[in-house]
Amino acid sequence: MKPVPATRRVWAIVPAAGSGARFAASSQEAAPKQYAPLLGATVLEWSLRALLAEPRVQGVVVALAAQDGRWPAIASKLDSAKLQTTIGGRNRQDSVLNGLESLASQAGAEDWILVHDAARPCLSGEDLKALLDAIDAPGFELSAGGGAVLAAPIVDTVKRQMQGEVTTVDRQGLWRALTPQVFGFERLRGALQDAAHAGIVVTDEAQAMERMGLRPVLVAGSPFNVKITRAEDLVIAGNILRTTEGSSMRVGQGFDVHAFGEGDHVILGGVRIAHPKGVVAHSDGDVVIHALCDALLGAMGDGDIGRHFPDSDPRYRGADSRVFLRVVAERMRAAGLKLINADVTVLAEAPRIAAHRGEMSENLAADLDAPAQRINIKATTTERLGFIGRGEGLAAMASVLLGP
Ligand code: MG
């Protein structure tokens with residue numbers, strides 16, 4: 001454990017190893033709830049977003065299931081130096097303990113640890129800031145016994161049904177505990193270890209602190225900070241995010257060029273078109289599909305074709321570019337997005353593509369699982385100007401619109 005720095009730093013732990021039995025029972029989705037698609041991303045990405053964006057948070061540890069094949073794609077998409085992972089445990093408190101162990105060499109005993117549910121995708125930057133402002137307030141530690149919890153007052157009348165008898169619970173002073181919850185590193189570790197030794201499974205970290213006689217304070221948070229438990233909660237979260245995040249439409253553009261070389265055909269939109277020249281390319285040099293892939297990846301905020309299918313990779317030598325398009329389509333589906341429309345322009349003096357446009361649209365539509373009439377293919381010459389005009393190569397531009 002490093003010495004305590006003058007300022008207590010803030011770290012976050014997100015237990016994301018659960019299989020979500022209640023969610024699975026209510027959903028068609030094979031994925032656990034933290035990986036369910038939500039407005040162009042997954043629930044987990046949304047849940048991490050506010051933590052990664054908050055400058056006071058030094059690092060975020062995500063505790064994952066041991067055989068988690070879905071995380072690497074999300075890590076590459078989030079592309080944040082703050083992200084770390086560890087293997088989660090059998091339950092939430094074991095996962096949080098594993099997260100604390102993985103931070104032990106970086107965090108001080110008095111550093112703050114935020115714990116946030118992987119399935120709370122609507123946490124706002126404002127609520128996170130309010131929670132961190134509360135622990136930064138002078139004298140906080142003395143009065144609060146070491147922690148703070150985002151919470152929302154209960155506004156409904158609360159009923160308890162036990163053995164067939166219904167009674168009304170006085171809602172005076174009742175709050176719903178949300179996350180993040182924030183505690184001192186060493187106190188949280190001690191409290192969770194103590195609960196584990198006593199065989200007690202806590203449902204939030206504050207409960208473990210309360211067992212130790214500590215009194216976390218409640219910080220009023222937004223009721224929009226909902227937890228995904230059942231499939232229908234995704235609809236609620238989606239509507240909240242649409243309101244708070246604005247439009248969920250995503251636009252992207254792509255451009256690709258290949259030089260003409262030896263050969264007797266070119267491939268455009270997956271269609272082989274006879275031509276006195278071929279194209280110089282590592283793959284099949286299909287500029288239509290390359291521009292389209294780049295537009296799709298751009299709309300998803302997911303890098304570019306070179307990052308996913310590098311020229312240096314021998315697997316892609318002579319590759320059928322439709323394979324690239326299908327991989328990109330799968331990423332789009334996993335992100336909860338669909339193609340609304342695509343518009344592609346081929347720039348070439350020759351070959352003429354008019355006779356092939358229908359087949360090209362059909363190919364692209366099949367790979368993208370979209371109606372062919374939503375994929376427009378057009379062509380232009382460059383009036384004999386520039387490298388395209390001189391017949392040295394051809395290019396394509398693509399624009400796409402994606403939506404949930
Ligand atoms: Mg290319």
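Cut-offs and rules
- Residues numbered from 1 in each chain as written.
- Predicted model: local features only at pLDDT ≥ 70, side-chain atom pairs only at ≥ 80, totals over all residues.
- Heavy atoms only, no water.
- Donors = N, O, S within 2.8 Å, 3.2 Å for Na, K, Ca; no water.
- Buried < 20%, exposed > 50% of the residue type's maximum accessible area, 1.4 Å probe, protein only.
- Domains from an automatic or database assignment.
- Contact = heavy atoms within 4.5 Å.
- Buried area = accessible area lost by both parts, 1.4 Å probe.
- Salt bridge = Lys/Arg side-chain N within 4 Å of Asp/Glu carboxyl O.
- Helix = DSSP H or I, 4+ residues; strand = E, 2+ residues; numbered from the N terminus.
- Nonpolar A, V, L, I, M, F, W, Y, C, P; charged D, E, K, R; others polar.
- Pairing = 2+ DSSP bridges.
- Axes fitted to C-alpha atoms, helices over the stretch in contact; angles between N-to-C directions.
- Phe/Tyr/Trp six-rings, centres within 6.5 Å; stacked < 30°, edge-to-face > 60°.
- Expected span 1.5 Å × (residues − 1).
- Arc of directions from axis to C-beta.
- Core = buried A, V, L, I, M, F, W, Y, C linked by side-chain atoms within 4.5 Å.

## Digging into the coordination of the magnesium ion
Okay, so step 1: For the magnesium ion, the full set of protein donor atoms is Asp256 (OD), Asp256 (OD), His258 (NE2) and His290 (ND1), at a range of 2.2 to 2.7 Å.
Okay, so step 2: Taken in chain order, the donor set of the magnesium ion reads D-x1-H-x31-H.
Okay, so step 3: Relative accessible area serves as the criterion here: at 14%, histidine 258 is assigned to the buried category.

## Points about the domain arrangement of the protein
Okay, so step 1: The assigned domain composition of the protein is domain 1 (10-244) and domain 2 (250-403).
Okay, so step 2: Placing the centre of domain 1 and that of domain 2 at their C-alpha centroids yields a distance of 43 Å.
Okay, so step 3: Tallying the contact residues gives eight residues for domain 1 and ten residues for domain 2.
Okay, so step 4: Roughly 640 Å² of surface becomes buried between domain 1 and domain 2 when both sides are summed, with 42% attributable to carbon and sulfur atoms.
Okay, so step 5: Counting across the domain 1 and domain 2 interface gives zero salt bridges.
Okay, so step 6: Elements supplying a minimum of two residues to the side of domain 1 that touches domain 2: strand E3 (41-42) and helix H3 (71-78).
Okay, so step 7: Ranked by residues supplied to the side of domain 1 that touches domain 2, first place goes to H3 with three residues.
Okay, so step 8: Of the residues assigned to the side of domain 1 that touches domain 2, the class counts are four nonpolar, three polar and one charged.

## Quick notes on the environment of threonine 85
Okay, so step 1: If you trace the backbone, threonine 85 turns up in strand E5 (residues 83-87).
Okay, so step 2: Looking at threonine 85, the relative accessible area reads 44%, which means it is partly exposed.
Okay, so step 3: It is 9.3 Å that separates the C-alpha atoms of threonine 85 and isoleucine 13, two residues lying 72 residues apart in sequence.
Okay, so step 4: Ignoring any residue separated from it by four or fewer positions in sequence, one finds threonine 85 in contact with Val61, Val62, Leu64 and Trp71.

## Examining the sheet that holds strand E17 (residues 375-380)
Okay, so step 1: Spatial strand order, E15-E12-E18-E16-E17: five strands in an open sheet with mixed pairing. A strand with exactly one partner marks an edge of an open sheet, and here the two such strands are strand E15 (278-279) and E17.
Okay, so step 2: The pairing of strand E16 (residues 338-347) with E17 spans six bridges and is classified as parallel. Each residue of the ladder has a partner; that of leucine 347, found in E17, is threonine 380.
Okay, so step 3: Contacts from helix H13 (residues 357-368) reach E16 and E17 within the one sheet, and its direction differs from that of E17 by about 140°.

## With respect to the packing of aromatic side chains
Okay, so step 1: Counted under the stated rule, the structure contains four aromatic pairs.
Okay, so step 2: Centroid distance tryptophan 112 to phenylalanine 140: 6.0 Å. Interplanar angle 65°. Geometry classified as edge-to-face. Pair noted here: tryptophan 112 is in strand E6 (residues 112-115) and phenylalanine 140 is in helix H6 (residues 140-144), with a separation of 28 residues, a long-range link.
Okay, so step 3: Phenylalanine 140 gets classed as buried once you look at its relative accessible area, which sits at 8%.
Okay, so step 4: A centroid spacing of 5.4 Å and a plane angle of 90° characterise the contact between tyrosine 316 and phenylalanine 324, whose relative ring orientation is edge-to-face.
Okay, so step 5: Looking at tyrosine 316, the relative accessible area reads 13%, which means it is buried.

## Focus on helix H2 (residues 43-53)
Okay, so step 1: Of all eleven residues in H2, nine are buried, a share of seventy percent or more.
Okay, so step 2: Three or more residues of H2 are buried, namely Val43, Leu44, Glu45, Trp46, Ser47, Leu48, Ala50, Leu51 and Leu52.

## Some thoughts on helix H7 (residues 185-197)
Because each turn of an α-helix spans 3.6 residues, side chains separated by three or four positions in sequence point in the same direction.
Okay, so step 1: For H7, which comprises 13 residues, the first-to-last C-alpha distance of 18 Å matches the rise-based estimate of 18 Å (1.5 Å per residue) to within 8%.
Okay, so step 2: Within the span of H7, buried status applies to Phe185, Leu188, Arg189, Ala191, Leu192 and Ala195. All buried residues of H7 fall inside an arc of 165° around its axis, so they share one side.
Okay, so step 3: Glycine 199 sits one or two positions beyond H7 and adopts a positive phi of about 75°.

## Concerning the environment of glycine 270
Okay, so step 1: Tracing the backbone shows glycine 270 in the loop between strand E13 (265-268) and strand E14 (271-274).
Okay, so step 2: Residue classification places glycine 270 among the partly exposed residues on the basis of a relative accessible area of 28%.
Okay, so step 3: If we ignore the near neighbours within four places in the chain, the residues touching glycine 270 are Asp286, Ile289, Arg322 and Asn363.

## Concerning the nonpolar core
Okay, so step 1: By size, the foremost hydrophobic cluster in this structure holds 47 residues, and its most contacted members are Leu268, Leu292, Leu296, Leu339 and Leu368.
Okay, so step 2: Those elements giving two or more residues to this core turn out to be E13, E14, helix H10 (287-300), helix H12 (321-334), E16, H13, E17 and strand E18 (393-403).
Okay, so step 3: Residue contributions to this core peak at eleven residues, all from H10.
Okay, so step 4: Core analysis: the second largest hydrophobic core is formed by 34 residues, Leu51, Trp112, Leu131 and Val219 among them.

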